[in-house]
Amino acid sequence: MTLLLPAGLFALALAAPIVVLHMLTPRRPPTRVSSLLHWDGLRHSITAAEPWQRLRWSVLLILQLAAVALFALALARPASVEPAALADHTVFIIDASGSMAAIDGDPDRLATAVERAKALRAELPEAGTASLIAATAHPTVLLEDSESAAEFERAVDTIRTTASAVDYEAAFALAESLVTPDRATGFVLIGDGDVDDVSQRLAPLGTRFEPIGEADTNRAIRELSVNAGPGGLQARVSIESTGGPDATQNLRLDVDGITVVTEEMVIPRGQVVEETFELPAGTRVAAFLDGQDLLAYDNQRYAAAPVLGTLKARVHGENTFFVDQLLSAIPEVDTDVALGEEVDFEIYVGVPVPADPPAPFIAIDAPGGIPGRLTPVGRVSDPIPTLVTDHPILEDIDVSRIAIAEAQRLSVTEGEVILGAPGAPLIVSGEVGGIPYYYLAFTLEQSNLPIDIAYPIIGARMVGGLATAQGAAAAITVGERVPVGSTGATVVDPRGNRVKVSVGDSEPIADQAGFWILEREGEEPVEVAVNPEIAESDLAPVTE
């Protein structure tokens, strides 16, 4: 039994005033007297009642409390919920989203859902018919108003999961379009229940839900971002535990199909772990999480790497020896630029930064700081770097070896302090009018940074962070359409299948994670990374 309106039980609070009234009811103890003659002359009443009484149970009190309980129960609308008999025409909606590939079924959730659908099909009334919808990002009618059980089984056996979410609004609209006006039509949804509140309100009236799924143990790569830097790539990977105990699994990173990094990752229960990796140059980066959990779809992630190309730089200032040494050691950086020529980034060494910088820049001990962002308010001697933020340019850098003789004492109005000493920011990043910058509050000559192994690493990362990479198409999710564009192209999927999409044709749907290639005549191929829907990684089964 269940309650259709549990809020009705709040009416039980009416029992409180009834109990209070019974405790306030005067109770005068009976007393024997010889005569009432002398009472007649009294001009005021005399009472022996006590204002608060100990609660004494009585038949009246029990009846009143029982009435309140029955009234509250009536308001709560108790009901016995039993699966309704299937209608003469039943529309089966089978969830085929990414989470239905979880292997806590027989052998997975989809296989269990298929067997459940076949069993329910056998319960149809005599001469009953069935329709079938595969619920994916693009729901499809697989069978319509069929009397044949064998035809239903053949259709339901063709359903395959995709690493996408379900468009329930479209699935429910499609289901209602199959209603037969001359016969009663019912609806059965079979899945693991990840239906948001808005979609639930769109479900056909009386939809019966058959839950699938038993466990939730899963880890997933939720994000892979790749930046191009001089001489290579920098990848940031985010891994989430969406269910189950702590786990230790190996993370592999491939560049252009070759494994370049393998690292053991400790993934605490319910936590997100992030790490940054330096990778060699390439165009395709793929991350794989090895190890057993319930879902394999989300143990992979793909990113098309941007192409940096040759960078042009201009250096301002007089004492630029260490800066020149750094730039000469970074591949594909050209400092031989003509006056007035556009550059990718600039470096200001001991000279003022323009109020309106024309390009991304690095400033080193600049007089006046950065107008409106950083203001020098004095000098500090022997600052000891102690404040280190989780920033990519300091990943795996031992800042304790950096010694600084003197630095500016900065007042930071806007910007992020990446490295600092007590009361003295040392390295700051930020933007000026949308233009990124890095600021060093100390001169290189007054520190040991130029002779430390961290110097070329930090310098290359700063240059990579300022430079603008070209050529990487934005990643899309399984179930979305491949962005062919208005000119048409030949689309090559990860399996090697080729489809020519002419102008005016519908763009194909990306039904598999991996790299999809767009080939246009007279142009370089464009690689599009297609990734699983991360929302499908939460495998916690829903029962109603």
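Residues numbered from 1 in each chain as written. Predicted model: local features only at pLDDT ≥ 70, side-chain atom pairs only at ≥ 80, totals over all residues. Heavy atoms only, no water.

**Observations regarding the pairing of strand β14 (residues 300–304)**
With five of five residues buried, β14 is to be regarded as a mostly interior element. On β14, burial covers both faces: Q300, Y302 and A304 on one face and R301 and A303 on the other are all buried. One ladder, built from five bridges, connects strand β13 (residues 284–289) with β14; its direction is antiparallel. Its bridge partner being in β14, F288 is matched across the sheet by Q300. (Buried < 20%, exposed > 50% of the residue type's maximum accessible area, 1.4 Å probe, protein only. Helix = DSSP H or I, 4+ residues; strand = E, 2+ residues; numbered from the N terminus. Pairing = 2+ DSSP bridges.)

**Let's talk about the packing of helix α7 (residues 321–329) against helix α8 (residues 454–466)**
Packing of α7 against α8 leaves a shortest axis separation of 10 Å and a crossing angle of 75 degrees. Here α7 lies roughly perpendicular to α8, going by the angle between them. In this structure, α7 contributes F322, V323, L326 and L327 to the contact, and α8 contributes Y455, P456, G459 and V463. Looking at side-chain class alone, the contact of α7 with α8 contains seven nonpolar, one polar and no charged residues. (Axes fitted to C-alpha atoms, helices over the stretch in contact; angles between N-to-C directions. Parallel < 35°, antiparallel > 145°, perpendicular 65-115°, else oblique. Contact = heavy atoms within 4.5 Å. Nonpolar A, V, L, I, M, F, W, Y, C, P; charged D, E, K, R; others polar.)

**Notes on the sheet that holds strand β4 (residues 129–135)**
An order of β5-β4-β3-β6-β7 is seen for the five strands of this open sheet, with the pairing classed as mixed. The strands lining the two open edges of the sheet, one partner per strand, are β5 (140–146) and β7 (208–211). For this sheet, the mean angle separating the axes of adjacent strands, direction not counted, is 15 degrees. Here four bridges tie strand β6 (residues 185–191) to β7, and the two strands are oriented parallel to one another. Residue pairing across strands places G191 opposite P211, the latter belonging to β7. Contacting β3 (89–95), β4, β5, β6 and β7, helix α3 (residues 109–121) runs over the sheet at an angle of about 175 degrees to β3.

**What about a nonpolar patch on the surface?**
A surface patch of nonpolar side chains, about 230 Å² in accessible area, is lined by L9, L12 and L73. Structurally, L9 can be placed in the loop between β1 (2–3) and α1 (15–24). (Patch = residues over 30% accessible without salt bridge, like charges linked within 9 Å, V, L, I, M, F, W, Y side chains within 5 Å. Areas by Shrake-Rupley, 256 points an atom, 1.4 Å probe, with all protein chains shown as cover. Salt bridge = Lys/Arg side-chain N within 4 Å of Asp/Glu carboxyl O.)

**Quick word on the side chain of S97**
Here S97 shows up in the loop between β3 and α3. Relative accessible area serves as the criterion here: at 2%, S97 is assigned to the buried category. Of note is the side chain of S97, whose polar atom sits 2.8 Å from the side chain of E536. (Polar contact = N/O pair within 3.5 Å; in protein donor to acceptor, adjacent residues only side chain to side chain.)

**Some details on the packing of α3 against helix α4 (residues 149–156)**
α4 packs onto α3 with a crossing angle of 165 degrees between their chain directions and a minimal axis gap of 10 Å. The orientation of α3 with respect to α4, classified from their angle, is roughly antiparallel. α3 and α4 meet at a crossing whose hand is right-handed. Across the interface between the two elements, V114, A117, K118 and R121 from α3 touch A149, F152, E153 and V156 from α4. Grouping the constituent residues of the contact of α3 with α4 by class yields five nonpolar, no polar and three charged. (Left-handed = near helix turned anticlockwise from the far one by under 90°.)

**Describing empty space enclosed by the protein**
Following the criterion strictly, the structure yields two cavities of 30 Å³ or more and no others. Within this model, the largest cavity holds a volume of roughly 130 Å³. Around the largest cavity, the lining residues are V323, L326, I347, I362, I364, L440, L444, L449, Y455, I458, G459 and M462. Listed by contribution, the elements that provide at least two residues to the lining of the largest cavity are α7, β18 (361–364) and α8. The element contributing the most residues to the lining of the largest cavity is α8, with four residues. Split into classes, the residues belonging to the lining of the largest cavity amount to 11 nonpolar, one polar and no charged. (1 Å grid on protein atoms, 1.4 Å probe; cavity = no way out; pocket = protein on both sides within 12 Å on 5 of 7 lines; lining within 4 Å. Points joined across faces, edges and corners; volume = space filled by probe spheres on them.)

**Observations regarding the packing of aromatic side chains**
As enumerated under the stated definition, the model contains seven aromatic pairs in all. Pairwise contacts between aromatic rings join F288, Y302 and F515 into one cluster. (Phe/Tyr/Trp six-rings, centres within 6.5 Å; stacked < 30°, edge-to-face > 60°.)

**Regarding the pairing of β5**
Alignment of β4 against β5, held across four bridges, turns out to be antiparallel. Of the residues in β5, the one forming a bridge with I133 is V141. Connecting β4 to the next strand, β5, in antiparallel fashion are four residues.

**As for unusual backbone geometry**
A cis geometry characterises the amide bond from D106 onward to P107, with omega recorded as 5 degrees. The topology assignment puts P107 in the loop between β3 and α3. Positioned with a positive phi, A127 is a non-glycine residue whose angle comes to about 70 degrees. Residue class for A127 comes out exposed when judged on its relative accessible area of 64%. In this structure, D382 is a non-glycine residue whose phi angle is positive, near 50 degrees. Checked against the element boundaries, D382 lands in the loop between β19 (374–381) and β20 (387–388). In this structure D382 comes out as exposed when scored by relative accessible area, which is 55%.

**Some thoughts on the sheet that holds strand β24 (residues 435–440)**
Taking strand neighbours across the sheet as the criterion, the eight strands line up as β16-β15-β17-β18-β24-β23-β22-β20 in an open arrangement whose pairing is mixed. Looking at which strands have only one partner, the edges of the open sheet turn out to be β16 (333–334) and β20. Where strand β23 (residues 424–432) meets β24, six bridges bridge the pair, whose relative direction is antiparallel. Bridge pairing links E431 to P436 in β24. Packing against the sheet, α7 makes contact with β15 (311–316), β16, β17 (345–349) and β18, and its axis sits at approximately 155 degrees to β17.

**Here's the deal with α4**
All buried positions along α4 are accounted for by F152, A155 and V156. Take α4 and look down its axis: the buried residues cluster within an arc of 90 degrees, on one side only. Where α4 begins, the side chain of S148 points an oxygen toward the backbone nitrogen of A150, at a separation of 3.4 Å. (Arc of directions from axis to C-beta.)

**Examining the pattern of salt bridges**
Proximity of charged atoms lets side chains of opposite charge pair with each other. According to the stated counting rule, one finds 23 salt bridges in the structure shown. Between E274 and R236 there is a salt bridge, and its shortest N-O distance comes to 3.3 Å. One end of the pair, E274, is in strand β12 (residues 272–279); the other, R236, is in strand β9 (residues 232–243), and 38 residues separate them in sequence. Residue classification places E274 among the partly exposed residues on the basis of a relative accessible area of 44%. The partner of E278 in a salt bridge is R461, and the shortest N-O contact between them spans 2.9 Å. Of this pair, E278 sits in strand β12 while R461 is found in helix α8, placing the two residues 183 residues apart along the sequence. What makes E278 partly exposed here is its relative accessible area of 43%.

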